[in-house]
Amino acid sequence: MEELAKKFKTEFVSDDLPDEKEIKDLMQWCSQFHKNNLRPSLSFRIEDGFVITANNVEPNNLSNDSLVSVINYDVYKNVFYIEGKKEPSIESIIHYLIYNTRDEINAIFNGHHDLILKNAEKLKLPITKNEQPEGTMELANEVLDILRDNDFVVIRNHGFVSLGRNMKEAGDLGIKILKKAQVLK
Ligand SMILES: [Zn+2]
């Protein structure tokens, strides 16, 4: 896919795996999102960054090495600094910008579902203006434009992002909107 041109780079500062107590919750939400066919990429805030699912992991059967800690991102070099063993989710720039902008947000759940895309207008959900390639700052800025004043956004022709002060809020919001979209079919 052509989007790879501007995709971020990764530098591993250590191979320490995340070990926060919230990881159990993250794994449960991942498996719930997976059961609903949402292709999840989920994160929660930690003191010096955030813990996020690695790219292309099997969401139903996560272990600690399916997760990484993002401890910094250099916007100018487009480099993520990572603790862990795998590449972070391709949606990591989106997560990074939201945590940097919304102080009260501690969980970001990112999913994908055709029925949410199809019914976004009927459900009066905010939708990003322009389509942008996955994994780019351009896409992350489109998403952030909406999430400055909203806790949910549909990424045009792609997926959605759901925010919460904790994982339960972010997860419940995503599932609630999925159920509404499924009723409309
Ligand atoms: Zn995506």
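Conventions adopted
Residues numbered from 1 in each chain as written. Predicted model: local features only at pLDDT ≥ 70, side-chain atom pairs only at ≥ 80, totals over all residues. Heavy atoms only, no water. Buried < 20%, exposed > 50% of the residue type's maximum accessible area, 1.4 Å probe, protein only. Helix = DSSP H or I, 4+ residues; strand = E, 2+ residues; numbered from the N terminus. Contact = heavy atoms within 4.5 Å. Salt bridge = Lys/Arg side-chain N within 4 Å of Asp/Glu carboxyl O.

Asks: Can you walk me through helix H4 (residues 137-147) in this structure?
Replies: A turn of α-helix holds 3.6 residues, and therefore any two residues three or four places apart point the same way. Burial analysis of H4 places 8 of its 11 residues in the buried class, the great majority of the element. Taken as a whole, H4 has its buried residues at Met137, Leu139, Ala140, Glu142, Val143, Leu144, Ile146 and Leu147. The elements touched by buried residues of H4 are strand S4 (67-74), helix H2 (92-101), strand S7 (152-155) and strand S8 (159-164).

Asks: Where do I start with the pattern of salt bridges in this structure?
Replies: Here the idea is simple: oppositely charged side chains can pair when their charged atoms come close. With the rule as written, the count across this model stands at 7 salt bridges. With its nearest N and O atoms 3.9 Å apart, the salt bridge here joins Glu87 to Lys7. Linking Glu87 in the loop between strand S5 (79-83) and H2 with Lys7 in the segment before strand S1 (9-14), this pair joins segments that are 80 residues apart in sequence. For the salt bridge of Arg165 with Glu169, the shortest nitrogen-to-oxygen distance reads 2.5 Å.

Asks: How do you make sense of the environment of Tyr81 when you look at a structure like this?
Replies: Counting through the fold element by element, Tyr81 comes out in strand S5. The class for Tyr81 is buried, based on a relative accessible area of 17%. In this structure the C-alpha to C-alpha distance between Tyr81 and Thr10, which are 71 residues apart in sequence, comes to 6.1 Å. Discounting chain neighbours no more than four positions away, the residues touching Tyr81 are Glu11, Val13, Ser69, Val70, Ile71, Asn72, Tyr73 and Asp74.

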